[in-house]
Amino acid sequence: MTRLLILLARAWQVGPSAVLPPTCRYQPSCSAYAITALRRYGALKGGWLALKRIARCHPWGGYGPDPVP
């Protein structure tokens, strides 16, 4: 399951994200954050951390450095 989720994040990085203009509010980007979280914590906890990060990515959210805990 972890590999599948990492594959989806990589597909986003080389697909739509490569074509769209950069709009990331955080460092690292949400997809890089997700891949790191998935590798470090597995599908369940890493997926949860990635979803929480994506939910924070909106115009009224934060910005700047936000490493995986």
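The residue numbering used here restarts from 1 in each chain and proceeds along that chain's sequence as written. Predicted model: local features are reported for residues with pLDDT of at least 70 only, side-chain atom pairs are reported and counted for 80 or more only, and whole-chain, interface and lining totals are derived from all residues. Side-chain metrics rest on all non-hydrogen atoms present in the structure, leaving aside hydrogens and water.

We apply this condition: UniProt positions are given in the numbering used here, feature names are shortened, and annotations may be inferred rather than shown by experiment.
As annotated in an unreviewed UniProt entry, the protein chain is Putative membrane protein insertion efficiency factor from Sphingomonas lenta. The record held by UniProt for the protein chain lists under Function (unreviewed entry) the comment "Could be involved in insertion of integral membrane proteins into the membrane." The protein chain has a UniProt comment under Sequence similarities (unreviewed entry) that states "Belongs to the UPF0161 family."

**Some remarks on the pattern of salt bridges**
Close approach of charged atoms lets side chains of opposite charge pair. To be explicit about the condition: Here, a salt bridge means any Lys or Arg side-chain nitrogen found within 4 Å of an Asp or Glu carboxyl oxygen. A run of DSSP states H or I qualifies as a helix once it reaches four residues; a run of E qualifies as a strand once it reaches two. Both are numbered from the N-terminal end. Accessibility here uses a 1.4 Å probe with only protein chains present; expressed as a share of the type maximum, an area under 20% marks a residue as buried, one over 50% as exposed, and anything in between as partly exposed.
Inspection of the entire model under this criterion finds 2 salt bridges. Arg-53 is the salt-bridge partner of Asp-66, the closest N and O atoms lying 3.6 Å from each other. Of this pair, Asp-66 sits in the segment after β2 (64–65) while Arg-53 sits in helix α3 (residues 30–56), placing them 13 residues apart in sequence. By the burial criterion, Asp-66 is buried, and Arg-53 matches it. Where Arg-56 meets Asp-66, a salt bridge forms, and the shortest distance between an N and an O atom there is 2.3 Å. Here Arg-56, found in helix α3, pairs with Asp-66, found in the segment after β2; they are 10 residues apart in sequence, far enough to count as distant. The buried category is assigned to Asp-66, whose relative accessible area is 17%. Connected through shared salt-bridge partners, Arg-53, Arg-56 and Asp-66 make up one network.

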